[in-house]
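Chain residues, written in single-letter form:
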Amino acid sequence: MAQISASLIGQRFPAIKGQSLAGNEVKFPDDLSGKVTLVVVAMERSAQPMVDSWISPFRDAFAGLDGYAWYEVPVIDRKIGFFLSGMIDAGMRAGIPPAVHGSVVTVYGNTRDIMNALGITDHSTASAFLLDQEGVVRLRGEGYAMDEAIREMVAAARRLAGE
């Protein structure tokens with residue numbers, strides 16, 4: 001069940017950088033400016049259905065429209081990534097359609113530090129952050145996105161974009 005959390009609401013999204021499956025470095029939130037952006041972070045592969053529950057409706061609502069973006073951000077501890085990053089990235093590239101490789105950004109780092117920076121307390125759940133054009137968190141959800149949370153997210157994104 002999705003839980004709406006107040007953590008980070010009204011604050012700029014913490015500085016985190018990673019590499020997209022397309023091979024581009026992405027710096028959050030600096031590279032997102034000018035767009036209403038959904039960033040969904042997960043620490044475990046088992047959280048993928050939760051990630052999809054947030055991203056799919058956002059992508060469907062705003063597909064092809066300027067001013068919106070989304071990113072799926074798998075976070076992998078640097079101790080594991082140091083040895084296995086090539087294999088992990090190759091596996092993700094093989095399982096994810098090339099059209100979305102630019103929106104999947106893998107972050108290899110200290111998982112605990114990233115969780116603390118994002119206010120994530122449960123590494124087994126996905127966390128969704130809706131950012132305004134300046135990178136400020138305006139809405140946050142955790143776990144699976146239920147219908148009410150999806151409606152709230154889409155409406156908030158439209159308001160932020162001035163629709």
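Above: the structure in question.
Rules used in this analysis
Residues numbered from 1 in each chain as written. Predicted model: local features only at pLDDT ≥ 70, side-chain atom pairs only at ≥ 80, totals over all residues. Heavy atoms only, no water. Phe/Tyr/Trp six-rings, centres within 6.5 Å; stacked < 30°, edge-to-face > 60°. Helix = DSSP H or I, 4+ residues; strand = E, 2+ residues; numbered from the N terminus. Buried < 20%, exposed > 50% of the residue type's maximum accessible area, 1.4 Å probe, protein only. Axes fitted to C-alpha atoms, helices over the stretch in contact; angles between N-to-C directions. Parallel < 35°, antiparallel > 145°, perpendicular 65-115°, else oblique. Left-handed = near helix turned anticlockwise from the far one by under 90°. Contact = heavy atoms within 4.5 Å. Nonpolar A, V, L, I, M, F, W, Y, C, P; charged D, E, K, R; others polar. Salt bridge = Lys/Arg side-chain N within 4 Å of Asp/Glu carboxyl O.

### Some words on the packing of aromatic side chains
On inspection of all chains with the given rule, the structure shows 6 aromatic pairs. Judged by centre distance (6.2 Å) and plane angle (65°), the rings of Phe13 and Phe28 are edge-to-face. Taken as a pair, Phe13 in the loop between β1 (3-4) and β2 (16-20) and Phe28 in strand β3 (residues 25-28) lie far apart in primary sequence, 15 residues in all. No difference in accessibility class separates Phe13 from Phe28, as the two residues are buried. Aromatic side chains Phe13 and Phe129 sit 5.3 Å apart centroid to centroid with 75° between the ring planes, which places their arrangement in the edge-to-face category. Of the two residues, Phe13 sits in the loop between β1 and β2 while Phe129 sits in strand β7 (residues 127-131), which places them 116 residues apart along the sequence.

### Here we look at the packing of helix α1 (residues 48-62) against helix α4 (residues 147-160)
Closest axis-to-axis distance for the α1/α4 pair is 10 Å, and the angle between their directions is 45°. Overall, the two elements α1 and α4 adopt an arrangement that is oblique. As for the relative orientation of α1 and α4, their crossing is right-handed in sense. Note on element contacts: α4 touches α1 through Ala149, Ile150, Met153, Val154, Ala157 and Arg158, opposite Ser53, Trp54, Pro57, Phe58, Ala61 and Phe62. Tallied by class, residues from the contact of α1 with α4 come to 10 nonpolar, 1 polar and 1 charged.

### What to know about the environment of Ala157
In this fold, Ala157 is placed in helix α4. Separated by 19 residues in the primary sequence, Ala157 and Arg138 have C-alpha atoms spaced 9.0 Å apart. Setting aside anything within four residues of it in sequence, one finds Ala157 in contact with Val36, Phe58, Phe62, Tyr68 and Leu130.

### Some thoughts on the pattern of salt bridges
By the definition in use, this model includes 4 salt bridges. Ionic pairing is found between Glu142 and Arg140, a salt bridge with its closest N-O pair at 2.8 Å. In this structure Glu142 comes out as buried when scored by relative accessible area, which is 15%.

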